Amino acid sequence: MGKKRSDSNSDRKFEKKLEFYSKVKDAVTSLSAQKSITKKKSKQQRRQNKKLKAYNLSSLLESLPEVEASQKPSRKDDFKLNCKSRQKLVLKERDRISAVLKDPNFQADPLSAIHQHLQNRQQPVVEEQPKKRVNKNGSKKKKKKKSKASTGLQSM
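Residues numbered from 1 in each chain as written. Predicted model: local features only at pLDDT ≥ 70, side-chain atom pairs only at ≥ 80, totals over all residues. Heavy atoms only, no water.

Let's talk about the overall build of the protein chain
Assigned secondary structure in the protein chain consists of seven helices and zero strands. Counting from the amino terminus, helix and strand elements in the protein chain follow one another as α-α-α-α-α-α-α. For the protein chain, buried positions account for 2% of its 156 residues. Carbon and sulfur atoms provide 55% of the accessible area of the protein chain, an area that totals close to 17100 Å². (Helix = DSSP H or I, 4+ residues; strand = E, 2+ residues; numbered from the N terminus. Buried < 20%, exposed > 50% of the residue type's maximum accessible area, 1.4 Å probe, protein only. Areas by Shrake-Rupley, 256 points an atom, 1.4 Å probe, with all protein chains shown as cover.)

Shown next, in the form of structure tokens:
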């Protein structure tokens, strides 16, 4: 009878080992599955980040010259379009387009006439450079630096 108990004990131990190994195997497979999911997510995140970098125009905005809004006050804010003003606008534009169509330069070569008109209308861009500080004698001003030692002596 002693053999039956030892057999049953060894069988139980063996079954417990099998259960433990199966749990470990399940844990490993679930971890590897989670790892592959996170890898896929990281690849997707990298792609999205690349797309976002491509659409990021802040560097372009920094390189463009700034145009002050105060240069030309917009007439759109002051101009309200009601029935009478709309009719006046339509009449002005009708007269303007008929004058353009009758123009001999436009009839000869429309594209060059439009180009010439735009060249005449466009104002030259003037970039203002910061003025350099100049002394009375005409030399550049130098910034005076305060030394820490001289300020410390004055405070005593």
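Looking at the packing of aromatic side chains
This model, assessed by the stated rule, comprises one aromatic pair. Aromatic side chains Phe20 and Tyr21 sit 5.9 Å apart centroid to centroid with 55 degrees between the ring planes, which places their arrangement in the tilted category. Given the relative accessible area of 52%, Phe20 is considered exposed. (Phe/Tyr/Trp six-rings, centres within 6.5 Å; stacked < 30°, edge-to-face > 60°.)

Overview of the pattern of salt bridges
Where charged atoms from two side chains of opposite charge come close, those side chains can pair. Following the criterion strictly, the structure yields two salt bridges and no others. The salt bridge partner of Glu93 is Arg96, with a shortest N-O separation of 3.1 Å. Residue Glu93 and its partner Arg96 are both found in helix H4 (residues 83-102); the two are separated by three residues, about one turn of the helix. You can call Glu93 partly exposed: its relative accessible area is 38%. Across the pair Asp95 and Arg94 runs a salt bridge, and its minimum N-O distance is 3.8 Å. (Salt bridge = Lys/Arg side-chain N within 4 Å of Asp/Glu carboxyl O.)

Notes on a positive patch on the surface
A contiguous patch of positive charge on the surface is contributed by Lys35, Lys39, Lys40, Lys43, Arg46, Arg47, Lys50, Lys51 and Lys53. Inspection of the secondary structure puts Lys39 in helix H1 (residues 2-55). Looking at Lys39, the relative accessible area reads 52%, which means it is exposed. (Patch = residues over 30% accessible without salt bridge, like charges linked within 9 Å, V, L, I, M, F, W, Y side chains within 5 Å. Lys, Arg positive; Asp, Glu negative; His and termini not counted. Charge placed at Lys NZ, Arg CZ, Asp CG, Glu CD.)

Re a nonpolar patch on the surface
A cluster of nonpolar side chains, Phe20, Tyr21, Val24 and Val28, forms an exposed patch at the surface whose accessible area comes to about 410 Å². Here Val24 is to be found in helix H1. Since its relative accessible area comes to 37%, Val24 is described here as partly exposed.

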